[in-house]
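# Close look at the chain arrangement
Below are the chains, spelled out letter by letter.
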Amino acid sequence: MSTPVTPGGSRPHGLVARLRVTGPDLFAAALALLAAAGATWWLLGLPATYLLHVAVLYVGFAALVVTGFAGGGGAVGIGVANRITLLRSTWVLALGGLVLHDPVFPSAVWWIIALSIAAMVLDGVDGHVARRSGAASRFGARLDMEVDAFLLLVLSVLVWQGGKVGEWVLAVGGIRYFFVAAGWILPPLRAELPVSQRRKAVCVVQGAVLLACLLPAVPASAAALLAGTGLALLVYSFAVDVAWLAASGRTPGGSRREAGGEVGDNGAS
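It is worth spelling out the nonpolar core at this point. Counting 61 residues, the largest nonpolar core has Y58, F61, I112, L155 and L214 as its most contacted members. Taken together, the elements giving at least two residues each to this core come down to α1 (14-44), α2 (49-68), α3 (80-96), α4 (109-133), α5 (138-162), α6 (170-185), α7 (197-214) and α8 (220-248). For this core, the element with the highest residue contribution is α5, accounting for nine residues. If we skip the residues at most four places from it in the chain, L155 touches I112, S116, M120, G207, L210, L211 and L214.

This part covers the pattern of salt bridges. Going through the model one piece at a time under the given rule, you end up with ten salt bridges. In this structure, R176 and E146 form a salt bridge, with 2.8 Å as the shortest nitrogen-oxygen distance. One end of the pair, R176, is in helix α6; the other, E146, is in helix α5, and 30 residues separate them in sequence. Summarising the burial analysis for this pair, R176 and E146 share the class buried. We note a salt bridge from D241 to R199, for which the minimum N-O separation is 3.0 Å. Here the residue D241 occupies a position in helix α8, and R199 occupies one in helix α7, the gap between them amounting to 42 residues.

What counts, and where the lines are drawn
Every residue gets a number counted from 1 within its own chain, in the order that chain's sequence is written. Per-residue local features are limited, in this predicted model, to residues with pLDDT of at least 70; the limit for side-chain atom pairs, both in listing and counting, is 80 or more; totals at the level of whole chains, interfaces and linings are taken over all residues. The side-chain figures draw on all heavy atoms in the structure; neither hydrogens nor water molecules are used. Take the buried residues of types Ala, Val, Leu, Ile, Met, Phe, Trp, Tyr and Cys, join any two whose side-chain atoms come within 4.5 Å, and each joined set is a nonpolar core. For the exposure calls, accessible area comes from a 1.4 Å probe over protein chains only, and a residue counts as buried if that area is under 20% of its type's maximum, exposed if over 50%, partly exposed in between. What counts as a helix is a DSSP run of H or I of at least four residues, what counts as a strand is a run of E of at least two, and both are numbered from the N terminus. Any pair of residues with heavy atoms lying within 4.5 Å of one another is described as a contacting pair. Here, a salt bridge means any side-chain nitrogen of Lys or Arg that lies within 4 Å of a carboxyl oxygen of Asp or Glu.

None of this, on its own, says anything about what the molecule does.
This is the structure we're talking about:
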């Protein structure tokens, strides 16, 4: 993902400076969210409190953007790739508000699937733009990952609310947050992982599996089988990452632990 900087190219220091640079993009994203949430509210006949809940979600997401904003690179503002991520985040947040209102199935399914597919398609676009422009950054990667993780969490809740699969399907969307929580107890789990095509592929599979479970034509037995297979694949992927972190001896700061002390990492992954 692209690395955000101030128009002059300097790093923004302090909350006010970060708000000054991110503010225009966050305002544009808020307008996009208003359109997505408004359409969802109108099409699904939701109460007005749905819009309030979506607004609260956006405030939390905007806080994540501002606090994670680091600057650097050559782009103006947060960069084109990150703007694409912000756009797809609005569709994900519009879906997130649904879980608090137990949407009526199956009438809501096709709108949920449409927004989800749109967000998934743009997931590939923002990464491509970042790589093509040479503007990838940790901020962008983190932003992209958080949007992906929240989408899986929302979809897993919606599948559970649909009644085809038991509450265990929540583990599909919750395992990543469990992994993050475990990192506060086990510091090695907070170390940076190398880029992995396996991890990306498993994320795509989880999204496809959860959407398939929502389809009216898919019976409960098939939905449970699909979700169970997807969960098993996800657990395997996380197990591989945990094993790698344990074997590599990396610390949260990116250094490698060796007998007798700490040795700085050269940054290669």
